[in-house]
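The primary structure of each chain is shown beneath.
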Amino acid sequence: MKLSHFHFDLPDELLAEHPSDIRDEARLMVLDRKNKTIEHKLFKDIIDYFQEDDVMILNNTKVFPARLYGNKEKTGARIEVFLLRELNEEQRLWDVLVDPARKIRIGNKLYFGDDDTLVAEVIDNTTSRGRTLRFLYDGPYREFRRKLTELGETPLPKYIKRDVEPEDEERYQTIFAKKEGAVAAPTAGLHFSKHLLKRLEIKGVHLPEVTLHVGLGTFNAVEVEDLSKHKMDSEEIEILEGAADVINNAIKEKRRICAVGTTAMRTVESSVSSSGTLNDFSGWTNKFIFPPYEFSIANSMITNFHTPKSTLLMMVSAFAGHDFAKEAYEVAVKEKYRFYTYGDAMLII
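Here's a quick rundown of the structure.

About the thresholds
Residues numbered from 1 in each chain as written. Predicted model: local features only at pLDDT ≥ 70, side-chain atom pairs only at ≥ 80, totals over all residues. Heavy atoms only, no water. Phe/Tyr/Trp six-rings, centres within 6.5 Å; stacked < 30°, edge-to-face > 60°. Buried < 20%, exposed > 50% of the residue type's maximum accessible area, 1.4 Å probe, protein only. Lys NZ or Arg CZ within 6 Å of the ring centre and 35° of its normal. Helix = DSSP H or I, 4+ residues; strand = E, 2+ residues; numbered from the N terminus. Pairing = 2+ DSSP bridges. Axes fitted to C-alpha atoms, helices over the stretch in contact; angles between N-to-C directions. Contact = heavy atoms within 4.5 Å. Lys, Arg positive; Asp, Glu negative; His and termini not counted. Salt bridge = Lys/Arg side-chain N within 4 Å of Asp/Glu carboxyl O. Parallel < 35°, antiparallel > 145°, perpendicular 65-115°, else oblique. Left-handed = near helix turned anticlockwise from the far one by under 90°. Nonpolar A, V, L, I, M, F, W, Y, C, P; charged D, E, K, R; others polar. Polar contact = N/O pair within 3.5 Å; in protein donor to acceptor, adjacent residues only side chain to side chain. Core = buried A, V, L, I, M, F, W, Y, C linked by side-chain atoms within 4.5 Å.

**A closer look at the packing of aromatic side chains**
Then, in step 1: Taken as a whole and judged by the stated rule, the model has 18 aromatic pairs.
Then, in step 2: Between Tyr137 and Phe144, the aromatic rings sit 6.3 Å apart at their centres with planes inclined by 45°, giving tilted as the arrangement.
Then, in step 3: Seen from their ring centres, Tyr293 and Phe295 are 4.8 Å apart, and the 75° between their planes marks the pair as edge-to-face.
Then, in step 4: Given the relative accessible area of 24%, Tyr293 is considered partly exposed.
Then, in step 5: Judged by its relative accessible area of 16%, Phe295 is buried.
Then, in step 6: The side chain of Arg27 reaches across the aromatic face of Tyr337, ending 3.9 Å from its centre.
Then, in step 7: Lying across the ring of Phe324, Lys36 places its NZ or CZ 5.4 Å from the centre.

This is how it looks when you write it as structure tokens:
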């Protein structure tokens, strides 16, 4: 398949700027792959599609406040610094993106906060917008991390044009977020409320957790027509033995196994044994899933509605079948489903 197969016209008004008032009352489109049917529900109705001993795989990554604003020494120019990943705890080295990048060169210093207690020095260029920063902070590591959190803001995607609001800090985080390290939320999980999770537990649905720390690479534009030439950025993942056991037991018993989000799906598909079961694993993945692709672990998935030509849409297309996914997206546009981070959801069974 080619990049052009994943283009569609998405009206601007369908990009959700705010989340649903109540998490589990977003709209839900249900795609039945076998019968090629499409149903319209609310997200909380998802419980009707799962039985006792079925499995939902959750990504428990936690978003940290990755967007900082600093001032360049001498000129005082305001610079946005987007923290990507910590490279060295002891030396306080970070991989970041800067904007505007043309103003930031090796040797420049950036000052953060009203009192300038946090300073960063640019020590390397990595990409056109990428830099390596060494943070200079007079205090222990724990205090330094607290300062980063205090100065940072919720890293809402760029397409959301409004300012960050106080409630974004809580709403741009899944209720099962535990392990800090993501710079973007695993958005399918944002629809779960505590009440819905409790109802699923009472019904006997297993909720094993895996971790994929979402990086900006997930959202990088695909710029090559031949998809096999696109390279995904690496993201850190972890699958603990207990979670793998729960999932493998469900595979053996031929239960419904649902990946909650493209990140959970990529995580489990990155660690498949030769016999088609899940291995526990801790490391990195740069797996890129696009049609045609044979999935090994999950036989259903929950996802949001994604933007044209995105790697996320390509995975959905691989899972649902390209023609069926295309039909579903045409219906979504016609029925005015809300797209992307704070948008509505899709269940593919």
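That covers the picture; the talk isn't over yet.
**Comments concerning the side chain of Asp168**
Then, in step 1: The residue Asp168 is located in helix α2 (residues 168-171) in this model.
Then, in step 2: The class of Asp168 is buried, set by a relative accessible area of 2%.

**Remarks on the pairing of strand β1 (residues 27-32)**
Then, in step 1: Most of β1 is tucked away, with five of its six residues classed as buried.
Then, in step 2: Here six bridges tie β1 to strand β2 (residues 37-42), and the two strands are oriented antiparallel to one another. Bridged to Arg27 within β2 is Leu42.
Then, in step 3: From the end of β1 to the start of β2, which pair antiparallel, there are four residues, and Lys36 there has a positive phi angle of about 55°.
Then, in step 4: With four bridges joining them, β1 and strand β17 (residues 345-348) adopt parallel strand pairing. Across the sheet, residue Leu28 finds its bridge partner in β17, namely Ala345.

**Some words on the sheet that holds strand β6 (residues 78-88)**
Hydrogen bonding along the main chain pairs the strands of a sheet, whether they run parallel or antiparallel.
Then, in step 1: One closed barrel accounts for six strands, arranged β5-β6-β7-β10-β9-β8; its pairing is antiparallel. Averaged over all pairs of adjacent strands, the angle between strand axes in this sheet comes to 45°, irrespective of strand direction.
Then, in step 2: Bridge count for strand β8 (residues 109-112) against strand β9 (residues 118-125) is four bridges, and the pairing is antiparallel. For Lys109, the partnering residue across the bridge sits in β9 and is Glu121.
Then, in step 3: Contacts from helix α1 (residues 141-151) reach β5 (67-72), β6, β7 (93-99), β8, β9 and β10 (130-136) within the one sheet, and its direction differs from that of β9 by about 90°.

**Structural notes on the side chain of Asp32**
Then, in step 1: As for its position among the elements, Asp32 is in strand β1.
Then, in step 2: There is no salt bridge for the buried Asp32, and the closest opposite charge comes from Arg256, which lies 6.7 Å off by N-O distance.
Then, in step 3: Filtering out sequence-adjacent residues up to four positions away, Asp32 remains in contact with Thr37, Phe324 and Ile349.

**With respect to the pattern of salt bridges**
Side chains bearing opposite charge may pair, as long as their charged atoms lie close to each other.
Then, in step 1: Counted under the stated rule, the structure contains 17 salt bridges.
Then, in step 2: The residue Arg145 makes a salt bridge to Glu86 at a minimum N-O spacing of 3.6 Å. Remark: Glu86 occurs in strand β6 and Arg145 occurs in helix α1; sequence separation between them is 59 residues.
Then, in step 3: A residue is classified by how much of its surface remains accessible, and Arg145, at 22% relative accessible area, is partly exposed.
Then, in step 4: When the shortest N-O distance is used, the salt bridge between Lys179 and Glu238 registers 2.5 Å. Residue Lys179 is found in strand β11 (residues 179-182), and its partner Glu238 is found in strand β13 (residues 235-239); the two are separated by 59 residues along the sequence.
Then, in step 5: Overall, Lys179 belongs to the partly exposed group, its relative accessible area being 30%.

**Details of the packing of helix α6 (residues 311-320) against helix α7 (residues 322-334)**
Then, in step 1: For the pair α6 and α7, interaxial distance at closest approach is 6 Å and the crossing angle is 120°. Here α7 runs oblique to α6, going by the angle between their axes. Every pair of crossing elements has a handedness; the one defined by α6 and α7 is right-handed. Between α6 and α7, the contacting residues are Leu313, Val316, Ser317 and Ala320 on the first element and His322, Phe324, Ala325 and Tyr329 on the second.
Then, in step 2: Looking at the contact of α6 with α7 residue by residue, the class counts come to six nonpolar, two polar and no charged.

**Some words on the environment of Glu180**
Then, in step 1: Mapped onto the fold, Glu180 is located in strand β11.
Then, in step 2: Taking C-alpha positions, Glu180 is 8.8 Å from Asn60, a pair spaced 120 residues apart along the chain.
Then, in step 3: Ignoring any residue separated from it by four or fewer positions in sequence, one finds Glu180 in contact with Lys62, Phe64, Arg145 and His213.
Then, in step 4: At a separation of 3.4 Å, a polar atom in the side chain of Glu180 contacts the side chain of Arg145.

**A few points about the nonpolar core**
Then, in step 1: Ranked by internal contacts, the top residues of the largest apolar core, which has 62 residues, are Phe339 and Met346.
Then, in step 2: Examining the composition of this core, we find that seven residues originate from one element, α6, more than from any other.
Then, in step 3: Setting aside chain neighbours within four positions, we find Phe339 in contact with Phe8, Leu10, Leu14, Leu15, Ala16, Tyr159, Phe305, His306, Tyr329, Ala332 and Val333.
Then, in step 4: With 25 residues, the next largest nonpolar core counts Leu68, Phe135, Tyr137 and Leu148 among its residues.

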